[in-house]
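Structural overview for review
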Amino acid sequence: KHLFTLTSFLKEDLVKAGASAEKITVAPDGVNLKMFANLPDKMVVREKIGLPVDKKIVLYTGSFYLYSWKGVDVLLESAKRFSADTLFVLVGGDKKEIEAIKNSGIGSNILLVPHRPHKEIAMYLVSADVLVLPNKAGSLHSERYTSPLKLFEYMASGVPIVASCLPSICEVLNNENSFLIAPDSAD
């Protein structure tokens, strides 16, 4: 009777396949704003979750390698270009993903945090100076069909966002509410 899609691109594809546009509603992911209510100051949060208060923190949440289009490899490469006063914190990997990254030879400015309960994610987000969404080009999932929950949580945190300039991401982000960068570029 009615279809709901995460992106306008999914809607376009369904219309091309014969579905009625009037019976399709685009409804991207959302976020529970209560997660971000009454959180302590950034430095208090850092102390509470064990992050340094004397470094700039660049933070990513989500799977590390479950989907290669998420761009964790690009983010890890980017971290090599920063000095020790910037800590890259990746939150959400499983034991296998963390071991694979450690075995690849990461720098001392990278902290890998295992998967955390969802109720803790807001604390990690507000502890950061910058949040990153490094999705890669070349995958239909990444370019057209994703509506990352983390994107909406990032926005709710109020922390600056650096994200890949991909159509699916640009349905929500723009140069007014984020810093959009070329996908697949560690620079």
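Structural data are supplied above this passage.
What you see is a predicted model, and the numbers here were worked out from it, not measured in a lab. (Residues numbered from 1 in each chain as written. Predicted model: local features only at pLDDT ≥ 70, side-chain atom pairs only at ≥ 80, totals over all residues. Heavy atoms only, no water.)

1. Quick look at the environment of E171
Relative to the helices and strands, E171 is located in the loop between α8 (167-170) and β8 (179-181). Taking the C-alpha atoms as reference points, E171 and G93, 78 residues apart in sequence, are found 27 Å from one another. With near-sequence residues (within four places) excluded, E171 lies in contact with T7, S8 and F9. (Helix = DSSP H or I, 4+ residues; strand = E, 2+ residues; numbered from the N terminus. Contact = heavy atoms within 4.5 Å.)

2. Section: the pattern of salt bridges
Counting across every chain of the model gives 10 salt bridges. With its nearest N and O atoms 3.2 Å apart, the salt bridge here joins E77 to K80. Accessibility expressed as a relative area gives 32% for E77, which makes it partly exposed. A relative accessible area of 57% places K80 in the exposed class. With its nearest N and O atoms 2.9 Å apart, the salt bridge here joins R116 to E120. Among the residues examined, R116 registers a relative accessible area of 27% and is labelled partly exposed. Exposure remark for E120: the relative accessible area of 25% places this residue in the partly exposed category. Beyond isolated ion pairs, a larger network of salt bridges with shared partners links E77, K80, R81 and D187. (Salt bridge = Lys/Arg side-chain N within 4 Å of Asp/Glu carboxyl O. Buried < 20%, exposed > 50% of the residue type's maximum accessible area, 1.4 Å probe, protein only.)

3. Re the packing of helix α2 (residues 42-49) against helix α5 (residues 118-126)
Between α2 and α5, whose axes approach to 8 Å, the crossing angle comes to 125°. With respect to each other, α2 and α5 are oriented oblique. The handedness of the crossing between α2 and α5 is left-handed. Mapping the contact onto sequence places K42, V45, K48 and I49 in α2 and M123, Y124 and V126 in α5. For the contact of α2 with α5, the class distribution of residues is five nonpolar, no polar and two charged. (Axes fitted to C-alpha atoms, helices over the stretch in contact; angles between N-to-C directions. Parallel < 35°, antiparallel > 145°, perpendicular 65-115°, else oblique. Left-handed = near helix turned anticlockwise from the far one by under 90°. Nonpolar A, V, L, I, M, F, W, Y, C, P; charged D, E, K, R; others polar.)

The values are spatial; any link to function lies outside them.
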